[in-house]
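Architecture and fold: a report
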Amino acid sequence: NAGVTQTPKFQVLKTGQSMTLQCAQDMNHEYMSWYRQDPGMGLRLIHYSVGAGITDQGEVPNGYNVSRSTTEDFPLRLLSAAPSQTSVYFCASSYIAGRGELFFGEGSRLTVL
Amino acid sequence: QQQVKQSPQSLIVQKGGIPIINCAYENTAFDYFPWYQQFPGKGPALLIAIRPDVSEKKEGRFTISFNKSAKQFSLHIMDSQPGDSATYFCAAYRSNDYKLSFGAGTTVTVRA
């Protein structure tokens, strides 16, 4: 059972470039989310989804876009990368009734030059 | 603005000691409080969780204490071991909008 799979694990971008971080889960979870982790700031919610076709903003959504066309996949798009988006990004999923008991992926480390 | 305040930022204990991590919140809409453990280079993993109508919960060597009136909760690691060295995050969940907010994290080092 793969759980939550994120790709790529590492990525370097130049300012202004766009890219997509991929996230897939095989647990049939309704809820999926993206967090960014920065030193001293914990994990901050970027966007989340409670089911296919439904997305909503978290605490720090600016500069990011998401879509949820299937239950399994929840890609995160950086529209025009900025150095402030240098971070480690985590995708997480759970059942709707999971009450915040999330399963996390291994993370994607992004550096924007 | 951090919705969940966590302290200390880091702590070091000797093997067998009891590291204590404290968290506080203001928003009374939070209705579930999980804790996560994260090892370097890995994603966070659920450790233990508590409902606000329960004052204490134990799972193995990990104990959560919850004070609803003070809006504070804490994690104790009993008989800590070097393998417990990790970063610990408290979190608070709101069922009304499915949002989970994290504290800033505490790096625990257990020395042999």
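Because the structure is predicted, anything quoted here is derived from the model rather than measured.

Take the packing of aromatic side chains next. The description of two aromatic rings rests on the distance between their centres and on the angle between their planes. For the structure shown, the criterion picks out 17 aromatic pairs over all chains. Relative to Phe 102 of chain B, the ring of Phe 104 of chain A has its centre 6.2 Å away and its plane inclined at 70°; by these criteria the two rings are edge-to-face. Taken together, the positions of Phe 104 of chain A in strand β10 (residues 103–104) and Phe 102 of chain B in strand β10 (residues 99–102) put the pair across two chains. The exposure classification of Phe 104 of chain A matches that of Phe 102 of chain B, with both residues buried.

To continue, consider the interface of chain A and chain B. Contacts between the two partners involve 22 residues from chain A and, on the opposite side, 22 residues from chain B. Summing both partners gives a buried area of about 1900 Å² for chain A against chain B, and 55% of it is carried by carbon and sulfur. Of the charged contacts, one joins Lys 42 of chain B and Glu 106 of chain A as a salt bridge, the two residues approaching to 3.3 Å between their closest N and O atoms. On inspection of chain A and its partner chain B, the count reaches 11 residue pairs in polar contact (both at pLDDT 80 or more). Looking at the side of chain A that touches chain B, the elements that each hand over two or more residues are β4 (31–38) and β5 (42–51) of chain A. Among the elements that take part in the side of chain A that touches chain B, β5 of chain A stands out by supplying 5 residues, more than any other.

Residue and element names in this part refer to chain B. The sheet built from 5 strands is open, its strands ordered β1-β3-β8-β7-β6 with antiparallel pairing. What marks the edges here is a single partner per strand, and that holds for β1 (4–7) and β6 (56–59). Across the sheet, the mean angle from the axis of one strand to that of its neighbour is 15°, orientation sign disregarded. Of the pairings in the sheet, the one linking strand β3 (residues 20–25) to strand β8 (residues 72–77) comprises 5 bridges and is antiparallel in character.

Let us look at the pattern of salt bridges. Residue and element names in this part refer to chain B. Applying the stated criterion across every chain, the model contains 8 salt bridges over all chains. A salt bridge links Arg 61 to Asp 84; the nearest nitrogen and oxygen atoms lie 2.7 Å apart. Here Arg 61 is found in the loop between β6 and β7 (62–67), whereas its partner Asp 84 is found in the loop between β8 and β9 (86–94), with 23 residues between them in sequence. Under the relative-accessibility criterion, Arg 61 is labelled partly exposed at 29%. Asp 97 is the partner of Arg 94 in a salt bridge, and the nearest nitrogen-oxygen pair spans 2.7 Å.

Definitions and cut-offs
Residues numbered from 1 in each chain as written. Chains lettered and ligands numbered in written order. Predicted model: local features only at pLDDT ≥ 70, side-chain atom pairs only at ≥ 80, totals over all residues. Heavy atoms only, no water. Phe/Tyr/Trp six-rings, centres within 6.5 Å; stacked < 30°, edge-to-face > 60°. Helix = DSSP H or I, 4+ residues; strand = E, 2+ residues; numbered from the N terminus. Buried < 20%, exposed > 50% of the residue type's maximum accessible area, 1.4 Å probe, protein only. Contact = heavy atoms within 4.5 Å. Buried area = accessible area lost by both parts, 1.4 Å probe. Salt bridge = Lys/Arg side-chain N within 4 Å of Asp/Glu carboxyl O. Polar contact = N/O pair within 3.5 Å; in protein donor to acceptor, adjacent residues only side chain to side chain. Pairing = 2+ DSSP bridges. Axes fitted to C-alpha atoms, helices over the stretch in contact; angles between N-to-C directions.

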